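Examining the three-dimensional arrangement
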Amino acid sequence: MSAIVGIYQSNGHPINNRDSSGMMEAMERYDADDVQTWTNGAVFLGCRAKWITPESVGERMPYYDAERNIVLVADAILDNRRELFELLQVYPAHRSKITDSELILLAYRKWGQKAPEYLIGDFAFVIWDMGKQEMFGARDLLGHRSLYYVHDRERFAFGTTIAPLFALPEVGRALNEPWLAEFMAIPEMFESTDVTSTPYRNIHQLPPAHTITVADGRISLSRYGSLEPKSMLRLHSDQEYEEAFREVFDEAVRSRLRTHRQVAVTLSGGLDSGAVASFAAHALSEEGKSLHAYSYIPARDFTDWTPSSTSADESRFIGATVRHVGNISHQAMDFEGISPLSEVDEWLDLLEMPYKFFENSYWLKGIHERAGGQGAGVLLTGARGNFTVSWGPALYYYATLLRKLKWVQFMRELRLYSTNKGISRSRLLSVIGKQAFPILAKRSEQSSAPDIPTMLIHPDFARRTDVFAKLQENRIGVNGSTIHDPLELRKEKMQNLAVGNKNGASATKLSLRYGAWERDPTCDPRVVRFCFSVPVEQYVRDGLDRALIRRATKHYLPDEVRLNQRIRGIQGADWVHRIKPSWKPLTDELRQLCTDPIATGYLHVDRIREAVSRLGETPRPEHAFNPEMRMLMRSLIIYRFLKRL
């Protein structure tokens, strides 16, 4: 992995050494195996590289191609190397030593600015083409690696992180108010519908699945590629679908094991991370390596308050997966003494912007820190599997059967699903009937429960930015997406560039800080296209939701995990329990917020005061999903961010 930076003086002036040195110094907090720079007149490129893949050891970055007068700086791991070797006609004897950055340059030499369309993996790169006097860069389809930039008529500068851009004297920390308004008003985890924006007025980011070209003082962005399949998959039997799933998923997992360091995985008790761990452990055993698994478990003194159909502690299912799969060295961590509140300042330092996922922040960071500290070069996850490999909207599918009057099939599925879920058929039928024939359902009264956005954002700030109208245009309501069709919602979730920005920022910056590259096989473009191409009836079958992965992982996962439809894990359910010892300092800071001019124009201080008063002197653990409690934590994070500007 690499932290990369660069400057291009389009006015032709030579690079100021103060600027280039300042950018490199801003990245010194990231561990590196090598640090290199390249300067030629009006162009500067720099890199702090940590060698992750075997081929990257000893690699010189920036990489200069003297034959073509092209220089590349890249933060990249490519996963379709074999395909690229064939397309680029690389001699077999040379393939084992070619780095991913060299492959990117070879692709650029062959396909020019269409090169990113042929690359699969996690990457952000920038090329200086001396012959064209042009800078060209790209970010991968899902946005796994971040890239920020500033520009005007005279200069373009970029960086993997934002801090190096602040080293340039003309770049200030002015707040981007429209970005902040959307961050506060969007109930989902991503930040803004403007996928080129950041919290800082003059700093932009290259969106996922985009290229950037800089020439003659002008920049242009262009979207490339697609996650849509070329055609729907039509096979002859369930077994053929299962085998096809295993084949594409195994390839995605194996291509992410390429490291000379250890391989780790974040393991929960569910299907996604369990499948990733199982396929990885089997593949690593062929190399004589073990898989190192890390799991979060609640604090030891926490009493699970969640319903019987859920579990805050997934140890039972995690243990079953570890025993069944084998070749896994497992560590369960309760992160004693750590809470979402204790980690706020570190996360703000890390991300360089506010964030929303505080409920899970402490253990996400903790696992990256432990894995990197114990020598992992790759940390596998199954974070986005819910909309790819383990998708399966049972109630939607059954409503479709009912609407089409397929009675025999419907009644059989209803009976099996009722048994598997432990829910009465009459209760299920009521829910399914409303989905199938919504016009016959009684119009439900709108929920009176408060929503986080309208509690969080000051009404005057919302009106001034007209933020809720803008979000409505993007089909986002105060309670989330207004897309109700599961097939459409699935595609929107996977192709949403704003989601890619959020995921890419955390994955990139965690890896730079702790040394383990986060990699998710469940959102490999090959896997996504395959899953989009599979008929919906393969995902709901024989009373099973998420049916395809459940069937395909027979022998890979224990039945206790594979066929579990009754208990759902809830991670982070103990976050309020963890902050209880700090409740008074937290409420004191919130009261201070309510009188601080830095925050009072942005945050809805009247609602903050009301919430603090209503929650009392000691919060209860079951407040973990209380909208007011979550609003208070988001308010605190935003307040601390604003004070840093």
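Residues numbered from 1 in each chain as written. Predicted model: local features only at pLDDT ≥ 70, side-chain atom pairs only at ≥ 80, totals over all residues. Heavy atoms only, no water.

**Digging into the overall build of the chain**
In terms of regular secondary structure, the chain is built from 26 helices and 21 strands. A globule of 645 residues ought to have a C-alpha radius of gyration of about 26 Å, and the chain, at 25 Å, matches this closely. In terms of principal-axis extent, the alpha carbons of the chain reach across some 75 × 65 × 45 Å. Each of the 645 residues in the chain was classed as buried or not, and the buried ones make up 59%. The contacts of the chain with a sequence gap of at least 6 include a subset with a gap of at least 24, amounting to 74%. Where the 82 positive side-chain charges of the chain centre and where its 80 negative ones centre are 4 Å apart. (Helix = DSSP H or I, 4+ residues; strand = E, 2+ residues; numbered from the N terminus. Rg over C-alpha atoms; globule rule 2.2 N^0.38 Å. Buried < 20%, exposed > 50% of the residue type's maximum accessible area, 1.4 Å probe, protein only. Contact = heavy atoms within 4.5 Å. Lys, Arg positive; Asp, Glu negative; His and termini not counted. Charge placed at Lys NZ, Arg CZ, Asp CG, Glu CD.)

**A closer look at the environment of Ser197**
Within the secondary structure layout, Ser197 lies in the loop between helix H5 (177–185) and strand E10 (204–205). Put simply, Ser197 and Glu182 are 15 residues apart on the chain and 11 Å apart in space, counted from C-alpha to C-alpha. For Ser197, the residues in contact, after removing those within four places along its chain, are Asn176, Trp179, Ser192 and Gln205. Within the structure, Ser197 has its side chain in polar contact with the side chain of Ser192 (distance 3.4 Å). (Polar contact = N/O pair within 3.5 Å; in protein donor to acceptor, adjacent residues only side chain to side chain.)

**Description of the side chain of Arg541**
Its location among the elements puts Arg541 in the loop between helix H19 (525–533) and helix H20 (547–552). Reaching out from Arg541, the side chain makes a polar contact with the side chain of Asp238 at a distance of 2.6 Å.

**Here we look at helix H26 (residues 627–644)**
Since there are 3.6 residues in each turn of an α-helix, residues three or four apart along the chain are aligned in direction. Taking 1.5 Å per residue as the helical rise, H26 with its 18 residues ought to reach 26 Å, and the 26 Å between its terminal C-alpha atoms agrees with that figure. Among the 18 residues in H26, 14 count as buried, and that is most of the element. N-capping of H26 is provided by Asn626, with a side-chain oxygen placed 2.7 Å from the backbone N of Glu628. (Expected span 1.5 Å × (residues − 1).)

**A few points about the pattern of salt bridges**
Per the stated rule, a full pass over the model turns up 54 salt bridges. One salt bridge connects Asp100 with Arg258, and the closest N-O pair in it is separated by 2.9 Å. Note that Asp100 is positioned in helix H3 (residues 100–111) and Arg258 in the loop between helix H6 (238–255) and strand E13 (262–266), a separation of 158 residues in sequence. Comparing Asp100 with Arg258 shows no difference in burial state: the two are buried. A salt bridge links Lys365 to Glu369, with the nearest nitrogen and oxygen atoms 3.7 Å apart. Here the residue Lys365 and the residue Glu369 both occupy positions in helix H10 (residues 358–373), the gap between them amounting to 4 residues, near one helical turn. One network of salt bridges, in which partners are shared, links Asp79, Arg82, Asp122, Glu251, Arg256, Arg519, Asp524 and Arg526. (Salt bridge = Lys/Arg side-chain N within 4 Å of Asp/Glu carboxyl O.)

**Structural notes on the packing of H6 against helix H7 (residues 271–285)**
The description of two helices packed together rests on the angle between their axes and the distance between the axes. In contact at an axis separation of 9 Å, H6 and H7 are set at 70 degrees when each is read in the N-to-C sense. Relative to H7, H6 is oriented roughly perpendicular. Across the interface between the two elements, Arg246, Phe249, Asp250, Val253 and Arg254 of H6 pack against Ala275, Val276, Phe279, Ala280 and Ala283 of H7. When its residues are assigned to classes, the contact of H6 with H7 shows 7 nonpolar, no polar and 3 charged. (Axes fitted to C-alpha atoms, helices over the stretch in contact; angles between N-to-C directions. Parallel < 35°, antiparallel > 145°, perpendicular 65-115°, else oblique. Nonpolar A, V, L, I, M, F, W, Y, C, P; charged D, E, K, R; others polar.)

**Notes on the pairing of strand E3 (residues 43–49)**
E3 sits mainly inside the fold: 7 of its 7 residues count as buried. Here E3 shows two buried faces, one formed by Val43, Leu45, Cys47 and Ala49 and the other by Phe44, Gly46 and Arg48. Strand direction decides the pairing type here: strand E1 (residues 2–9) and E3, joined by 7 bridges, are antiparallel. If you follow Ile4 over to E3, its bridge partner there is Cys47. Pairing analysis gives 7 bridges linking strand E2 (residues 34–40) to E3, with the strands arranged antiparallel. Bridge pairing in E3 places Thr37 opposite Gly46. From the end of E2 to the start of E3, which pair antiparallel, there are 2 residues, and Gly41 there has a positive phi angle of about 60 degrees. (Pairing = 2+ DSSP bridges.)

**Thoughts on the packing of aromatic side chains**
Under the counting rule described, the total for this entry stands at 25 aromatic pairs. Between Trp305 and Phe625, the aromatic rings sit 5.9 Å apart at their centres with planes inclined by 55 degrees, giving tilted as the arrangement. Separated by 320 residues along the polypeptide, Trp305 in the loop between strand E14 (291–296) and strand E15 (310–311) and Phe625 in the loop between helix H25 (605–615) and H26 bring together distant segments of the chain. Using a relative accessible area of 27% as the deciding quantity, one classes Trp305 as partly exposed. A relative accessible area of 38% means that Phe625 is categorised as partly exposed. With a centroid separation of 4.9 Å and 75 degrees between ring planes, the pair formed by Phe461 and Tyr602 is classed as edge-to-face. Of the two residues, Phe461 is situated in helix H15 (residues 459–465) and Tyr602 in the loop between helix H24 (597–600) and H25; the sequence distance between them amounts to 141 residues. For Tyr602, a relative accessible area of 15% translates into the label buried. An aromatic cluster of at least three residues, connected via ring pairs, comprises Tyr108, Phe123, Phe125 and Phe136. (Phe/Tyr/Trp six-rings, centres within 6.5 Å; stacked < 30°, edge-to-face > 60°.)

**Comments concerning the sheet that holds strand E11 (residues 210–215)**
Taken together, the 6 strands give an open sheet; going across it, the order is E4-E5-E6-E7-E11-E12, and neighbouring strands pair in antiparallel fashion. Each edge of the open sheet is held by one strand with a lone partner, namely strand E4 (63–65) and strand E12 (218–223). When strand polarity is set aside, the average angle formed by the axes of neighbouring strands in this sheet is 15 degrees. Note: strand E5 (residues 70–78) against strand E6 (residues 121–129), 9 bridges, orientation antiparallel. Within E6, the position partnered with Leu78 by the bridge is Gly121. Across the sheet, H3 touches E4, E5, E6 and strand E7 (134–139), and the angle it forms with E5 is around 120 degrees.

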